[in-house]
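Each chain, letter by letter, is given below.
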Amino acid sequence: MVTTLGLRPVRQSERQLAPDLARGIMLALIAVANSAIYLYGRPYGIRQHVIEHDLLNRVTATLSMTLVDGRAYPMFAALFGYGMVQIWNRRRDDAEGRRVLRRRSRWLLAFGAVHAVLLFSGDVLGVYGLLGLAIVRLMRVRDRTLLILAGVWLVPVALLSALAYNTPQGTEQRTIFWSLAIEDPLTAMALRPIEWVMTPVGMTGVVTAGLVGVWAGRRELLAVPDRLVRRAAVWGPLAGTLGGLPVGLTATGFLTVDDPVTVMAFNAVHTVSGIAAGLGYAALISLIARRIGARRGRLVTALSACGQRSMTSYLLQSVVFVTLLPPYTIGLGGSLGSAATVALALGTWAATVAAAEFMRRTGARGPAETLLRRLTYPRG
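Residues numbered from 1 in each chain as written. Predicted model: local features only at pLDDT ≥ 70, side-chain atom pairs only at ≥ 80, totals over all residues. Heavy atoms only, no water.

## Looking at the overall build of the protein chain
Secondary structure assignment for the protein chain yields 15 helices and 0 strands. Its C-alpha radius of gyration of 20 Å places the protein chain within 12% of the 21 Å reference for a compact globule of 380 residues. Dimensions of the protein chain, computed from C-alpha atoms along their principal axes, come out at roughly 55 × 40 × 40 Å. In the protein chain, 84% of the contacts between residues at least 6 apart in sequence involve partners at least 24 apart. Carbon and sulfur atoms make up 66% of the accessible area of the protein chain, which totals about 16,800 Å². (Helix = DSSP H or I, 4+ residues; strand = E, 2+ residues; numbered from the N terminus. Rg over C-alpha atoms; globule rule 2.2 N^0.38 Å. Contact = heavy atoms within 4.5 Å. Areas by Shrake-Rupley, 256 points an atom, 1.4 Å probe, with all protein chains shown as cover.)

Written as structure tokens, this is what we have:
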């Protein structure tokens, strides 16, 4: 029997399609964004992206930085906030709900620490754990206050982004994630905890997205999209594209910008517009899920299964990337261009979708989700 009466894991029959489908699809963007961080051995440009020279790689990198970079994690943060509301709504009382949500967030933080030390210092699980602890304190805050806080938070987000990513084109040394360009595995492992602690500085936008997700969760907007969701599905991705294009063009040499103030402005707009894009992507997928309804084909079922096992799939991506890309393993990150890296990322994502579908058919949950569930909902 679950000791936290009135709070239990969500049953399969109670799951909404939109959040699971969104997570499954957005894991593809996570793979593309993360795989690019592993590239090394060449000069770096804006936002620590390697400088490409041939047309195919330059075009691929432009599209990736415009449509993916800084866009997927805010969407996941919004879904995270949305999901916390669903857990909260199954509470018996406020104190009980807070205990479960805090316990879940602390274990996410612990999962992130292990992931960062062993595999990838750009881990986001720990960031979501911190976000969850903050959201717990705001679960009783009024909607208007939530949205005001989300809007005000954009100011430090823009400032930190402008300062943190103000890297001149052609920099020979990495300014972030140094471990991914180091050949000695022990030295790389020693650096990863330091890098992980720094990661939240570059992901401050998840706070705004998470608070908006809480607000949307109170209205179940992903389950029953309204006019606002339809508008967000159009204007969010459009704002993300327009706001991301300057950085994408600059990073790939299609646009030459030497003024550091302009570069800082580009970075600030890139990050803020990425939040809008992430929210817009979630809104768009919710509309698609609404249109699909109960008519789920094999592809939608598999993507949804991947979304239900998103943490396991996310960790599996790191296993593949660490095996193939860093200099202390096979070292493909020193030779692959952006186009080949995107292909590798999407192939890895497709493999996790297939693995998730296999688990669904055999009735197995994701190992990471199973462990987190047991730690969050202890049984007596």
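## Concerning helix α1 (residues 17-37)
The first and last C-alpha atoms of α1 sit 31 Å apart over 21 residues, in line with the 30 Å expected at 1.5 Å per residue. The sharpest bend along α1 measures roughly 25° and falls at Met26. Of all the 21 residues making up α1, 19 are buried; the element is thus mostly covered by neighbouring parts of the structure. (Expected span 1.5 Å × (residues − 1). Bend = angle between axes of the 7 residues up to and from the residue. Buried < 20%, exposed > 50% of the residue type's maximum accessible area, 1.4 Å probe, protein only.)

## Some points on empty space enclosed by the protein
Summed over all chains, the structure comprises 1 cavity of 30 Å³ or more. Roughly 50 Å³ of internal volume is contained in the largest cavity. The wall of the largest cavity is formed by Val32, Ser35, Ala36, Leu39, His49, Thr60, Ala61, Ser64, Ser338, Thr341 and Val342. Elements with a minimum of two residues in the lining of the largest cavity: α1, α2 (55-67) and α14 (338-361). (1 Å grid on protein atoms, 1.4 Å probe; cavity = no way out; pocket = protein on both sides within 12 Å on 5 of 7 lines; lining within 4 Å. Points joined across faces, edges and corners; volume = space filled by probe spheres on them.)

## Things to note about the UniProt feature "transmembrane region" (unreviewed entry) in the protein chain
On the UniProt side, "transmembrane region" (unreviewed entry) is annotated at positions that read residues 21-41, 72-88, 108-134, 146-165, 228-249, 269-290, 311-330 and 336-356 here. Taken end to end, residues 228-249 has its terminal C-alpha atoms 31 Å apart, with 100% of it in helix and 0% in strand. Strand forms 0% of residues 336-356 and helix 90%; the C-alpha atoms that close the span are 28 Å apart. (UniProt positions renumbered as here; feature names shortened; annotations may be inferred.)

## Some points on the side chain of Arg98
Turning to its location among the elements, Arg98 is positioned in helix α4 (residues 94-118). In contact with Arg98, not counting residues within four places along its chain, are Trp88, Val136, Arg137 and Arg140.

## Observations regarding the environment of Ala28
Locating Ala28 in the fold gives a position in helix α1. Spatially, the C-alpha atoms of Ala28 and Leu346 are 6.1 Å apart, while their sequence positions differ by 318 residues. With residues up to four places along the chain from it excluded, the contact list for Ala28 reads Leu346 and Trp349.

## With respect to the packing of aromatic side chains
Taken as a whole, this structure holds 4 aromatic pairs when the rule is applied. Centre to centre, the rings of Tyr38 and Phe120 are 5.5 Å apart; their planes meet at 20°, and the pair counts as stacked. Taken together, the residues span a long stretch of sequence, with Tyr38 in the loop between α1 and α2 and Phe120 in the loop between α4 and α5 (125-136) at a distance of 82 residues. With relative accessibility at 1%, the residue Phe120 sits in the buried group. One aromatic cluster in this structure is built from Tyr38, Phe120, Phe177 and Phe321. Between Arg58 and the ring centre of Phe254, over which it is positioned, the NZ or CZ distance is 4.1 Å. (Phe/Tyr/Trp six-rings, centres within 6.5 Å; stacked < 30°, edge-to-face > 60°. Lys NZ or Arg CZ within 6 Å of the ring centre and 35° of its normal.)

## Notes on the pattern of salt bridges
With the rule as written, the count across this model stands at 6 salt bridges. A salt bridge links Asp20 to Arg23; the shortest N-O distance between them is 3.3 Å. You can see Asp20 and its partner Arg23 sitting in helix α1, 3 residues apart, about one turn around the helix. Among the ionic pairs, Arg360 bridges to Glu357, the shortest N-O distance being 2.7 Å. (Salt bridge = Lys/Arg side-chain N within 4 Å of Asp/Glu carboxyl O.)

## Quick look at the layout of surface pockets
By volume, the largest pocket amounts to about 1,100 Å³. Elements supplying a minimum of two residues to the lining of the largest pocket: α1, α3 (72-89), α4, α5, α12 (298-308), α13 (310-324), α14 and α15 (367-376). If one sorts the elements of the lining of the largest pocket by residue count, α3 sits on top with 9 residues. Of the residues in the lining of the largest pocket, the class split is 21 nonpolar, 11 polar and 11 charged. Quantified by volume, the second largest pocket comes out at close to 860 Å³. (Nonpolar A, V, L, I, M, F, W, Y, C, P; charged D, E, K, R; others polar.)

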